[in-house]
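Structure assessment
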Amino acid sequence: MEERSEQAVLGRALELAVAFRHSLPHRHVGAVATLEELTAALGRPLAERGEDPVRVVDEIAAACERGLVASAGPRYFGFVVGGGLPASLAADWLVSAWDQDAGLYALGPAAAVAEDVTAAWLLDLLGLPEGTSVGFVTGGQMANFTGLAAGRHKVLAAAGWDVEEDGLSGAPPVTVLIGEGAHVTILSSLRMLGLGGRRAVRVAADEQGRMKTEALRDALAQVAGPAIVCAQAGNVNSGAFDPLDEIVDLAHQRRAWVHVDGAFGLWAAASPRTRTLLRGVEKADSWATDAHKWLNVPYDSGLAFVREPGAHRASLTLRADYLQRGSLAERNPSDWVPESSRRARGVPVYAALRSLGRAGVAALVERCCALARRAAGQFAARPGVRVLNDVVLNQVLVRFEGRGDGDALTKAVIARVQREGTCWLGGTRWRGQEAMRVSVSGWSTTEADMDRSVAAVLDAFAAESRS
Ligand SMILES: Cc1ncc(COP(=O)(O)O)c(C=O)c1O
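Residues numbered from 1 in each chain as written. Predicted model: local features only at pLDDT ≥ 70, side-chain atom pairs only at ≥ 80, totals over all residues. Heavy atoms only, no water.

Quick look at the sheet that holds strand E1 (residues 133-137) now. Sheet strands pair via backbone hydrogen bonds, and the direction of the pair is either parallel or antiparallel. Reading across the sheet, the seven strands line up as E1-E7-E6-E5-E4-E2-E3 and stay open at both edges, with mixed pairing between neighbours. Unpaired on one side and paired on the other, E1 and strand E3 (201-203) mark the two borders of the sheet. Here the average twist between neighbouring strands, direction ignored, is 20 degrees. Two elements, strand E6 (residues 286-290) and strand E7 (residues 302-306), share five bridges in a ladder whose sense is antiparallel. Within E7, the residue paired with threonine 289 across the bridge is leucine 303. Taken strand by strand, helix H9 (residues 213-221) contacts strand E2 (175-179), E3 and strand E4 (227-232), and its axis lies near 155 degrees from that of E3. (Pairing = 2+ DSSP bridges. Helix = DSSP H or I, 4+ residues; strand = E, 2+ residues; numbered from the N terminus. Axes fitted to C-alpha atoms, helices over the stretch in contact; angles between N-to-C directions. Contact = heavy atoms within 4.5 Å.)

And the structure:
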């Protein structure tokens, strides 16, 4: 392609992207297009002849416009979703433009070194042990998979079994203990690792979703062989933290590996105000978190940490004659992730951390927590609205009650809020009841955004209470 034509298509993409970003605070927060509309807008037979790149980009933007969710904007409180900091987004564009294969040092030296530097910053920021190895993965799912793969390696190696070479047939059984509130991606990781989701021993949790230490003690007393304990730093609904300090001590007494799923909760370490929730976290063996959640790096960006680099590398590394390695000082990113060819995923994380600085990450965490408390206070002040959890972090669970069925009312309020479009919140079931989830994870949300959103939800509640 000629330089001029490349300039035209990249320039057009930039214009469209900037226009979309500027629309975020003003657009209907949920998508407005139907499935049929989007299928009609995007669908067509694959043409025999190629089309002009500028036209392709223009038409993609037009076809997708009404099917886009303003999840990168200031009033999206669904699931646990961060927004994409400007520096990080721009770095992500560079990553696409460079198109490095960041699997091996030889394929992308700059990408490998950016990962090394970023890894050291992350250990420091999150209070994890020096020397811990770090994998830049696609998300929390693969971060959990990576930590558990290293754990599976270690506990079976200690029992004299080489799981990477000999598989699980005939291996000593591995007992995995998880809290009742464990995230679903722990179960899918166990399935992918051949450890079985259903076989996991479920340890009772308290009313906030925290694993009960006594129940773990009892469960561990029944375990004879290799074992892995999965703890949670930040319940996906309530934001509650398992008592990590006690859990790690109990598990280590049994030589069990401890993996901590901190997909968003691990970022609490960045602020002195929330760090105490993570007491003892540094004693665990592996940790998972997401940069695309609370650090506000664009998708897809997860982080896996393993205390013992040997176990980490042994469980994932690739070896082939043509994958030639240089000196030991050179990082080969694919040693630490369940992938071979991959994008230079560390660079947008590097950019996010540099653009925020240590104080900026702390402020982001603190601001989101303060906004969650602000929302909880406003909801709780309205008769008929109940806040179901202790708001210790950035998550709030809200239930609406009136004359009739509280479950039906709560669902109806959520549906009305989503249709109205000022903000977007999703639902869940919490301890047998329907609830609305509020997750405050975006860098751009202000107090005014939160007040406007709470007002929209309370208007929806009023309207549904009348109907
Ligand atoms: C606690 C927890 N663990 C794991 C995940 C999975 O993360 P991802 O969707 O990035 O794979 C999530 C996602 O919300 C989560 O909240």
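Before going further, it helps to examine the site of the ligand. Of all residues adjacent to the ligand, which total 14 residues, the nearest are Gly140, Gln141, Asp261, Asp290 and His292. Contact distances for the ligand include 2.7 Å between a nitrogen atom and a side-chain N or O atom of aspartate 261. Lysine 293 has a polar side-chain atom sitting 3.0 Å from an oxygen atom of the ligand. For the shell around the ligand, the element with the most residues is helix H6 (residues 140-158), which contributes three residues. Here the residues of the shell around the ligand sort into three nonpolar, eight polar and three charged. (Near = heavy atom within 4 Å. Polar contact = N/O pair within 3.5 Å; in protein donor to acceptor, adjacent residues only side chain to side chain. Nonpolar A, V, L, I, M, F, W, Y, C, P; charged D, E, K, R; others polar.)

In this structure, threonine 422 sits in the loop between helix H13 (406-420) and strand E10 (426-430). A polar side-chain atom of threonine 422 sits 2.7 Å from a polar atom in the side chain of glutamate 420. What threonine 422 contacts, discounting residues up to four positions off in sequence, is Val29, Arg75, Arg452 and Ala456.

Turning our attention to the environment of glycine 427. Inspection of the secondary structure assignment puts glycine 427 in strand E10. Residue classification places glycine 427 among the partly exposed positions, given a relative accessible area of 47%. Each C-alpha atom of the pair glycine 427 and arginine 437 lies 5.6 Å from the other, and the pair is ten residues apart in sequence. When residues no more than four places from it in sequence are discounted, the contact partners of glycine 427 are Ile414, Ala435, Met436 and Arg437. (Buried < 20%, exposed > 50% of the residue type's maximum accessible area, 1.4 Å probe, protein only.)

Pairing is antiparallel in the open sheet, where four strands are placed in the order E8-E9-E11-E10. Two strands bound the open sheet, and with one partner strand each, they are strand E8 (385-387) and E10. The average undirected angle you get between the axes of adjacent strands in this sheet is 40 degrees. Here five bridges tie E10 to strand E11 (residues 433-439), and the two strands are oriented antiparallel to one another. When the bridges of E11 are listed, glycine 426 appears paired with arginine 437.

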